[in-house]
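Architecture and fold: a report
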Amino acid sequence: MSTKLRILVPVKRVIDSAVRPRVNKAQTGVETQGVKFSMNPFCDIALEEALRLRENNKASSLVESIHAVSAGPSKAQEVLRAALAKGADESTLIDTGSTDVEPLGVAKMLKKIIDEQKSNLVILGKQAIDNDSNQTGQILAGLLNWPQATNASKVEVDEQAGKVTVTREIDGGVETVAAPLPMIITTDLRLNEPRYASLPNIMKAKKKPLKVVKPDDLGADIASRLEILKVSEPPVRQAGEIVESTDELISRLKKAGAV
Ligand code: AMP
């Protein structure tokens, strides 16, 4: 019996990766006023992998659906439209207003969407570049009691066996793991290079489904467990000095007590 994939791709709206983050005046987070936002780069890679699974297995129609979901302010609709323009079929915005939901809360809401969508493969980014939590996929796997493969650099699906093989980047090498569906995968940087959406597809995406729900509709407890006490910039790096020779370098290092 062959298994078709119903893929869920959670995509987070974050400060654009090209923007240099600055700490806000209240020192509670990163300044978001007047800053460009985009889809989190690792989520873009997750979406690309879902699209490639569909394209590379067209003959067998391996991928039945690709659903993008984002939890965030109503402006997160923009990243969902971007996902739809790239090739996702449908999307859901979980409108959390100005509340920044922690990974546990996000995972609980994703679990509800997974139940509703009957997803059997969830591909997430390994981390969101705004909070660098690197937790949501792992917590979600725990809540669902599904196998997980984090930091994927290669994904292969055996349709007949309903099994997924994932190559993971680990310190000093790679690890290959396999698990039966349903499962959770988080993506590493080298998994693929995301595509750009074409103008006709951007236009077509405006008509694709984008459902808006509230956290309360999902009945998930998203209360924060953590209090952010302070966010601060790293210390400013001191300017270096150019020395004339290796001997001078060594004597200066000795004087400074560094060797
Ligand atoms: P994190 O655990 O916050 O570093 O995020 C890891 C991944 O979880 C992201 O790359 C997304 O795929 C997913 N994720 C986290 N927060 C959200 C969110 N608010 N909306 C949608 N997906 C999210």
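Residues numbered from 1 in each chain as written. Predicted model: local features only at pLDDT ≥ 70, side-chain atom pairs only at ≥ 80, totals over all residues. Heavy atoms only, no water.

Looking at an unreviewed UniProt entry, one finds the protein chain named Probable electron transfer flavoprotein subunit beta and attributed to Trichomonascus ciferrii. Taken verbatim from the UniProt record of the protein chain, the Sequence similarities (unreviewed entry) comment is "Belongs to the ETF beta-subunit/FixA family." UniProt annotates the protein chain under Subcellular location (unreviewed entry) with the comment "Mitochondrion matrix". (UniProt positions renumbered as here; feature names shortened; annotations may be inferred.)

Focus on the layout of surface pockets
Its boundaries defined by the atoms lining it, the second largest pocket holds a volume of some 430 Å³. Elements represented by at least two residues in the lining of the second largest pocket include exactly α1 (41–56), α2 (77–86) and α5 (199–205). By residue number, the principal contributor to the lining of the second largest pocket is α2, which donates four residues. In the lining of the second largest pocket, the residues fall into eleven nonpolar, one polar and five charged. (1 Å grid on protein atoms, 1.4 Å probe; cavity = no way out; pocket = protein on both sides within 12 Å on 5 of 7 lines; lining within 4 Å. Points joined across faces, edges and corners; volume = space filled by probe spheres on them. Helix = DSSP H or I, 4+ residues; strand = E, 2+ residues; numbered from the N terminus. Nonpolar A, V, L, I, M, F, W, Y, C, P; charged D, E, K, R; others polar.)

Focus: the site of the ligand
In the neighbourhood of the ligand, 18 residues make up the surrounding shell, with Ala-71, Ala-128, Asn-134, Gln-135 and Thr-136 lying closest. At 2.7 Å from an oxygen atom of the ligand is found a main-chain nitrogen or oxygen belonging to Ala-128. Surface burial for the ligand is 98%, taken as the share of its 480 Å² of free accessible area covered by protein chains. Sorting the residues of the shell around the ligand by element identifies β4 (63–72) and β6 (121–125) as the ones contributing at least two each. Among the elements that line the shell around the ligand, the one with the most residues is β4, at three residues. The residue makeup of the shell around the ligand, split by class, is eight nonpolar, nine polar and one charged. (Near = heavy atom within 4 Å. Polar contact = N/O pair within 3.5 Å; in protein donor to acceptor, adjacent residues only side chain to side chain. Areas by Shrake-Rupley, 256 points an atom, 1.4 Å probe, with all protein chains shown as cover.)

Observations concerning the sheet that holds strand β9 (residues 173–180)
One open sheet accounts for nine strands, arranged β9-β8-β7-β10-β6-β1-β4-β5-β11; its pairing is mixed. In this open sheet, the two edge strands, each paired with only one partner strand, are β9 and β11 (210–213). Each adjacent strand pair in this sheet contributes to an overall mean axis angle of 30°, direction not counted. Against the sheet, α2 engages β4, β5 (90–95) and β11, with an angle of about 170° to β5. (Pairing = 2+ DSSP bridges. Axes fitted to C-alpha atoms, helices over the stretch in contact; angles between N-to-C directions. Contact = heavy atoms within 4.5 Å.)

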